[in-house]
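# Topology and contacts: notes
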Amino acid sequence: MGTEIVKIENLVKRYKELIAVDHLNLSIEEGEIFGLLGPNGSGKTTTINCLLSLLTFDKGSIKVFGKEMTPSSYDIKKQIGVVMQDVAVIEQLNVYQNIDYFCGLYINDKKTRKKYVDEAIRFVGLEDFVKFLPKKLSGGLLRRLNIACGIAHKPKLIIFDEPTVAVDPQSRNKILEGIKELNKNGATIIYTSHYMEEVEQLCSRIAIIDKGKNLVTGTKEELKKMVKNTETITIETENISDKIKNKLCESEHIYEVDYSDGKLNVKCSGGKHNLVNVLGILAENNIPVGRVYSELPTLNDVFLEITGKALRDMEG
Ligand code: ADP
Ligand code: MG
């Protein structure tokens, strides 16, 4: 067990009748990139705002660096960096001045501050834009500025709330690589997203949340072991009758068969050579096949099995 950086116990946050966070528990250790994965409206931002004492909550307790978090916990806040979902920069200040302003909230020494600001600018790759006002920056560059403002003071814990939404692929990759680097340099990261691929690629541990509840927590390997799906086979083909579907379903390791839009979808649980088996049945029945692919379980399968709905359908 490493040092516990964040401990949230039984957190409840209501907005009038709506329970946005529902008895949520989280424990995050030093050195992790911890992913908070859930669809839009599942309570990620509300949880983060409670964690930062930006919102009051109805029940539960929140500890950061082993101490209770309160609105006046400046010693704790100094060590936290936040990159909010909605870009929060000052329109009247240029890129350099913005980063300097936010860094200056925590770092008083002028020389150190200048060094930190320059490092943050290099880190997000905004060297050529230091004199630009925010409104002159593209969406991706503005996101990078938002990040620089959040991390310039070298916090020990950094929270990224959906930093890649509506970001072009190049900026997106830069952001993800940057987060890995911050983590390598010693920062503990909390990363919220509704993109399961991102969370899977980036995070050492993941909590899947829905309707304010923490459904499961674990490494991606642990989460995937919880589901019965071990392989999903997709085959582009035509003329799949109910008879063929039933035949496929009779196979030992196949538990679900679905055919729509010219795509045959076969879900398997355990077993080997499932693909060969499926193709064999199609060949026996003289059914021509087009493209064939096989996928290992994803976090979407975990979400699907726990909630009965697909995370993938809720993206965007
Ligand atoms: P996420 O960040 O996962 O998309 P949020 O924490 O923003 O989810 O929202 C959780 C739920 O709380 C949603 O149903 C949302 O509509 C609601 N909500 C968020 N902020 C407010 C607010 N200020 N007032 C009322 N309801 C809110
Ligand atoms: Mg949010």
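Just above sits the structure.
Now for a look at the structure at hand. Please read all numbers here as calculations on a predicted model, not as lab measurements. (Residues numbered from 1 in each chain as written. Chains lettered and ligands numbered in written order. Predicted model: local features only at pLDDT ≥ 70, side-chain atom pairs only at ≥ 80, totals over all residues. Heavy atoms only, no water.)

## Description of the overall build of the chain
Basically, it comes down to this: Starting at the N terminus, helices and strands are each numbered in turn, a helix being any DSSP run of H or I of at least four residues and a strand any DSSP run of E of at least two. Summary of the burial criterion: residues with accessible area below 20% of their type's maximum are buried, those above 50% are exposed, and those between are partly exposed, where the area comes from a 1.4 Å probe applied to protein chains only. Residue-level accessible areas treat just the shown protein chains as cover; the underlying method is Shrake-Rupley with a 1.4 Å probe. Charged residues are defined narrowly, with Lys and Arg counted positive, Asp and Glu counted negative, and His plus the chain ends left uncounted. For charged residues, the charge sits on one atom: NZ in Lys, CZ in Arg, CG in Asp, CD in Glu.
When you go through the chain residue by residue, the secondary structure sums to eleven helices and 14 strands. In terms of overall dimensions, the chain has a C-alpha envelope of 75 × 45 × 40 Å along the principal axes. Of all 316 residues assigned to the chain, the portion counted as buried reaches 45%. Accessible surface computed for the chain: about 16,000 Å², of which carbon and sulfur atoms make up 50%. Across the chain, the mean location of the 43 positive side-chain charges is 6 Å away from that of the 44 negative side-chain charges.

## Remarks on the sheet that holds strand β2 (residues 18-29)
Each strand in a sheet pairs with its neighbour through backbone hydrogen bonds, running either in the same direction (parallel) or in the opposite one (antiparallel). Definition in use: We call two strands paired when DSSP finds no fewer than two bridges between them.
If you trace the four strands from one edge of the open sheet to the other, you get β2-β1-β4-β5, paired in antiparallel fashion. Two strands lie at the open edges of the sheet, namely β2 and β5 (67-68), each paired on one side alone. Relative to β5, strand β4 (residues 59-64) runs antiparallel, the two sharing two bridges. By the bridge assignment, Lys63 is partnered in β5 with Glu68.

## Here's the deal with the site of ligand 1
For the record, the criterion: The cutoff for a nearby residue is simple: one of its non-hydrogen atoms must lie within 4 Å of the molecule or strand. Polar contacts here mean pairs of N or O atoms no more than 3.5 Å apart (in protein, one a potential hydrogen donor and the other a potential acceptor; neighbouring residues in sequence count only if both atoms are side-chain atoms). For this scheme, ten residues count as nonpolar: Ala, Val, Leu, Ile, Met, Phe, Trp, Tyr, Cys and Pro. Four count as charged, namely Asp, Glu, Lys and Arg, and the remainder, Gly too, count as polar.
Around ligand 1, the surrounding shell consists of Tyr15, Leu18, Ala20, Pro39, Asn40, Gly41, Ser42, Gly43, Lys44, Thr45 and Thr46. Between ligand 1 and Gly41 there is a distance of 2.7 Å, counted from an oxygen atom to a backbone nitrogen or oxygen. A distance of 2.5 Å separates an oxygen atom of ligand 1 from a polar atom in the side chain of Thr46. Notes on ligand 1: free accessible area 560 Å², of which the protein chains cover 59%. Breaking the shell around ligand 1 down by element, the ones donating at least two residues are β2 and α1 (44-51). If you tally residues by element for the shell around ligand 1, the top one is α1, at three residues. In terms of residue class, the shell around ligand 1 is built from four nonpolar, six polar and one charged.

## Here we look at the packing of helix α5 (residues 139-151) against helix α6 (residues 169-184)
We count it as follows: Orientation is described by lines fitted to C-alpha atoms, with helices fitted over the stretch in contact, and by angles between N-to-C directions that extend from 0 to 180 degrees. By the definition adopted for this analysis, an angle is roughly parallel if under 35 degrees, roughly antiparallel if over 145, roughly perpendicular if from 65 to 115, and oblique otherwise. Note on convention: near helix rotated counterclockwise from far helix by under a right angle means a left-handed crossing. Clockwise means right-handed. Note on definitions: a residue-residue contact is assigned when non-hydrogen atoms from the two residues lie within 4.5 Å.
It is at 10 Å that the axes of α5 and α6 come closest, and there the two elements cross at 15°. As far as their axial angle goes, α6 and α5 are roughly parallel. Of the two possible hands of crossing, α5 and α6 adopt the one that is right-handed. Along its contact with α5, which presents Gly140, Leu141, Arg143, Arg144, Ile147 and Ile151, the element α6 presents Ser171, Lys174, Ile175 and Leu182. Each residue belonging to the contact of α5 with α6 can be placed in one class, and the counts come to five nonpolar, two polar and three charged.

## Focus on the environment of Leu248
Mapped onto the fold, Leu248 is located in helix α9 (residues 242-250). Considering only alpha carbons, one finds Leu248 and Ile281, 33 residues apart in sequence, at a separation of 7.2 Å. Ignoring sequence-local partners within four residues, the contact set of Leu248 consists of Ile254, Val257, Leu264, Val278 and Ile281.

## Concerning the layout of surface pockets
Cut-off, in case you're wondering: The definitions used throughout rest on a 1 Å grid laid over the protein atoms alone, on which a cavity is an enclosed set of points accommodating a 1.4 Å probe that cannot get out and a pocket is an open set flanked by protein within 12 Å on both sides along at least five of seven lines; lining residues are those having an atom within 4 Å of a point. Grid points are joined across faces, edges and corners, and a volume is the space filled by probe spheres set on the points.
By volume, the largest pocket is sized at about 380 Å³. Lining the largest pocket are 17 residues, with Gly81, Val82, Met84, Phe102 and Tyr106 positioned closest to its centre. Here the lining of the largest pocket takes four residues from strand β6 (residues 80-83), the largest share from any one element. By residue class, the composition of the lining of the largest pocket is twelve nonpolar, four polar and one charged.

## A few points about the packing of helix α4 (residues 110-124) against α5
Contact geometry of α4 with α5 gives a least axis separation of 9 Å together with a crossing angle of 145°. Relative to α5, the crossing made by α4 is right-handed. Residues Ala120, Phe123 and Val124 of α4 form the contact with α5, whose own contacting residues are Arg144, Ile147, Ala148 and Ile151.

## Focus: the coordination of the magnesium ion (ligand 2)
For the record, the criterion: As a rule, N, O and S atoms within 2.8 Å of a metal are its donors, except that Na, K and Ca use 3.2 Å; water is not among the atoms, so sites may look incomplete.
In this structure, Thr45 (OG1) and Gln85 (OE1) serve as the protein donors to the magnesium ion (ligand 2), at separations of 2.0 to 2.3 Å. Here the residue Thr45 occupies a position in helix α1, and Gln85 occupies one in the loop between β6 and α3 (95-104), the gap between them amounting to 40 residues. Overall, the relative accessible area of 25% leaves Thr45 in the partly exposed class.

## Focus: the side chain of Glu200
On the secondary structure map, Glu200 appears in helix α7 (residues 196-202). Residue classification places Glu200 among the buried residues on the basis of a relative accessible area of 16%. Among the polar contacts listed, one links the side chain of Glu200 to the side chain of Lys224, at a separation of 2.5 Å.

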